Amino acid sequence: NLRNQTLAAAAFLLLLLIIFYIRFRSKRKTANTLVEKNKTIEEERQRSDELLLNILPASIASELKEFGKAKARKFNEVSVLFTDFKNFTQISEQLTPEELVEELDLCFKAFDFIISQYEDIEKIKTIGDAYMCASGLSERRSIPYNIVRAALEFQEFLEEHKQERIRLGRPYFEARIGIHTGPVVAGVVGVDKFAYDIWGDTVNIAARMESKSLTGKVNI
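Residues numbered from 1 in each chain as written. Predicted model: local features only at pLDDT ≥ 70, side-chain atom pairs only at ≥ 80, totals over all residues. Heavy atoms only, no water.

(A) Focus on the packing of helix α4 (residues 97-116) against helix α5 (residues 145-168). The interhelical angle for the contact between α4 and α5, taken along N-to-C directions, is 145°, at an axis separation of 10 Å. Once α4 is placed against α5, the crossing between them reads as right-handed. Each of E103, L106, C107, A110, F111, I114 and I115 in α4 lies in contact with α5, whose residues at this interface are A150, E153, F154, F157, L158, H161 and R165. For the contact of α4 with α5, the per-class residue count stands at 10 nonpolar, one polar and three charged. (Axes fitted to C-alpha atoms, helices over the stretch in contact; angles between N-to-C directions. Helix = DSSP H or I, 4+ residues; strand = E, 2+ residues; numbered from the N terminus. Left-handed = near helix turned anticlockwise from the far one by under 90°. Contact = heavy atoms within 4.5 Å. Nonpolar A, V, L, I, M, F, W, Y, C, P; charged D, E, K, R; others polar.)

(B) Fine view of helix α6 (residues 201-211). For α6, the full list of buried residues reads T202, V203, A206, M209 and E210. For α6, the angular spread of buried residues about the axis comes to 120°, placing them on one side. What points out from α6, more than 90 degrees from its buried face, is the exposed set D201 and R208. (Buried < 20%, exposed > 50% of the residue type's maximum accessible area, 1.4 Å probe, protein only. Arc of directions from axis to C-beta.)

(C) How the structure looks around the pairing of strand β2 (residues 121-127). As paired strands, β2 and strand β3 (residues 130-135) are joined by six bridges and run antiparallel to one another. What sits directly across from I121, in β3, is S135. Hairpin connection between β2 and β3: a loop of two residues separates the two successive antiparallel strands, and G128 in this loop has a positive phi of roughly 65°. (Pairing = 2+ DSSP bridges.)

(D) Geometry of the layout of surface pockets. Its volume calculated, the second largest pocket comes out at about 360 Å³. Taken together, 19 residues form the lining of the second largest pocket, with P57, S59, E122, L137 and S138 sitting closest to its centre. Taken together, the elements giving at least two residues each to the lining of the second largest pocket come down to α2 (58-67) and β1 (73-85). Residue contributions to the lining of the second largest pocket peak at three residues, all from α2. Along the lines of polarity and charge, the residues of the lining of the second largest pocket split into seven nonpolar, four polar and eight charged. (1 Å grid on protein atoms, 1.4 Å probe; cavity = no way out; pocket = protein on both sides within 12 Å on 5 of 7 lines; lining within 4 Å. Points joined across faces, edges and corners; volume = space filled by probe spheres on them.)

If you want it as structure tokens, here you go:
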């Protein structure tokens, strides 16, 4: 009887150990799954934040995340820059669609890189072959010095690229650039494919400064 009781107790203890082990494995598996899911969620959140910051200024992105909308703001001293390629239509006819997109992509990526070196300059948008950016879209006072430097660097890049294209016997782009400083209203418009944009006479005058600029120069 004692031996049977001992065996029964041992079997019961073994059964308890197996149950506890199975529960432990199950909990650990669930915990690992939860960690992986949280990691995936965090990676997706970071990607979402990066995408938001790629199309909106940091302050506007934060406001949208917190409140679901961003208020329009007026800024008194914003420097707006426009670029436009000379004879774009005629030159584009000499290129295949792939070559045209590749050339535009190369130039606009170079412009993106140049303005990324200056904290106070925000890319606004590209419109066909035009590129638009601005500085002074923050509460702190902005001096147009950096955006003028960026404009000169745009022209330096295009001149170097032009010489390379001439060497290869290929068509090349030359740009007019215009800059004007004044008050603008800035805000986010739309629901689907929403965009951050700026409005006002300052924008219109900057566009006119570009259209009246000499090729390869910066009209201020």
